[in-house]
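Understanding the architecture of this molecule
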Amino acid sequence: MLNQLPTVLMQAEADKLGAALTPAQGVTPRDFWLPEGASTLAPEIDWVFHFINYINYFFFFLVVGLMFYFVWKYRQKGREVYARGPSHNTVLELGWTIIPTIIVVVIFFMGFRGFVDAKTVPANSYQIDVTALRYGWIFKYPNGATSDDLYVPAGQPVKLVMRSEDVLHSLYIRDFRVKQDVVPGRYTTMWFQADNPTEGDDFHWLFCTEFCGVGHSNMNRKVFVLNQTDFAEWETEQARWLDKIPENELYSKAGPKLFARCAGCHTLDGKPGTGPSWGNYDGTGDIWARSQPGSQHKVDNGKPLADFIGPGKQYETPEGYLRASILNPGEHLVDGYGNAMPTFRGQISDRGIDALIGMMKHLDEFDAKGQWKKAAEAAK
Ligand code: HEC
Ligand SMILES: [Cu+2]
């Protein structure tokens, strides 16, 4: 029960924010059953959903109503005994076969049309590459920009080409009425078009809907829809964000942003996670201290890191070891941990890796959440 609590709270928060979306944004209304729809696929999907739902209401009241009626009508009144009930009624039997068949076939065709629409990606789609990993998403845009939340242009079909670094995930944007599994070793695609830009702080929720491990609920992200001009501007800015940060501020400004991709598995305060904490947890110091030549930090079943780091060894410098740990995580496994870290090759640039290593060197300047403690002072 206790484990479920955060998810329940998250849903409550999601509902609150869902309610805060201005009605003008939705293309289908929010009701008892569905949140506001916000993609071009939503009207048809919602229509079929409600159509089936109303058929259910109809038959529910018909069946239950007749049941009560018959119970009353055929109750025992005296001592009469009925020898035989009716055995055959052609009209009735044809009726209850043909009418449901027609209804079911109609539902099939409506569903099939919706399915084909949802599976046929329009040719002029804007493509975003999606990588799912425990526990987060990396969205990569045609100009090389990457982001942790999803940004899409309004009024244009968007195609997501998705793959997984590790296990089965599933990408779900409920307001767009789209959901698709993300499967290791295979590409899956999905598309949608949102015509109304999100205003101000509004956004649509994006969830992982395939239970993928302890950090599954950390995969909730936001979807922002920007008008074409704002989107083009955002995309250009986003591609350059790392380059625009001056060298001496790289670790403090870019570090925490990039660490968001590691935080699902690595803590900074020595607490255990899916991966070893970057803080001191085995007496060999924090991640930077224990990567120095002479380190007694154990990898590959009991070997000290000292065997690998130092002049003439596999890694000349601590930076070399840390860089390899990020790009080629399976090379040496820290004792007590499995080969669970995805490679970040092609996902984080050299400058990004510099920023992360810089953060490791100054770990005492960051709080447990990865925020730079001196940010307030620096702003003065
Ligand atoms: C899915 C979980 C996961 C994510 C996400 C992850 N790691 Fe790891 N990481 C691990 C595991 C497990 C290990 C231990 C096994 C190994 O050495 O590969 C590890 C080991 C490391 C090590 C070596 C630690 C040591 O004590 O020597 C470094 C450095 C590292 N990760 C950096 C990163 C960075 C930087 C990121 C984010 C960009 C990141 N990791 C994201 C799971 C993860
Ligand atoms: Cu997941």
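Below, the structure is looked at part by part. (Residues numbered from 1 in each chain as written. Chains lettered and ligands numbered in written order. Predicted model: local features only at pLDDT ≥ 70, side-chain atom pairs only at ≥ 80, totals over all residues.)

**Here's the deal with the nonpolar core**
Counting 33 residues, the largest nonpolar core has Val130, Ala132, Val152, Leu160, Leu171, Phe176 and Val223 as its most contacted members. Here this core gets 4 residues from one element, more than from any other, and that element is strand S1 (residues 126-133). In contact with Val223, other than residues within four places in its own chain, are Leu150, Val152, Ile173, Phe203, His204 and Leu206. (Core = buried A, V, L, I, M, F, W, Y, C linked by C-beta atoms within 7 Å. Buried ≥ 20, exposed ≤ 12 C-beta atoms within 10 Å, placed from the backbone. Helix = DSSP H or I, 4+ residues; strand = E, 2+ residues; numbered from the N terminus. Contact = placed C-beta atoms within 7 Å.)

**Re the pairing of strand S6 (residues 169-173)**
With 4 of 5 residues buried, S6 lies mostly within the body of the structure. What sits between the antiparallel neighbours S6 and strand S7 (residues 178-182) is a turn of 4 residues, in which Arg177 has the positive phi angle 60°. (Pairing = 2+ DSSP bridges.)

**A word on the site of ligand 1**
The full set close to ligand 1 counts 27 residues, and Cys262, Cys265, Gly275, Tyr337 and Met341 are the nearest of them. Take the shell around ligand 1: its biggest share by element is 3 residues, from helix H6 (residues 318-327). Grouping the constituent residues of the shell around ligand 1 by class yields 17 nonpolar, 8 polar and 2 charged. (Near = placed C-beta within 6 Å. Nonpolar A, V, L, I, M, F, W, Y, C, P; charged D, E, K, R; others polar.)

**Some points on the pairing of strand S9 (residues 204-208)**
Of the two faces of S9, the one holding His204, Leu206 and Cys208 is buried and the one holding Trp205 and Phe207 is not buried anywhere. Looking at chain direction, S6 and S9 are connected through 2 bridges and run antiparallel. Considered in S9, the bridge of Tyr172 is made with Phe207. Direction of pairing for S9 relative to strand S10 (residues 221-226): antiparallel, over a ladder of 3 bridges. Residue pairing for S10: His204 is matched across the bridge by Val223.

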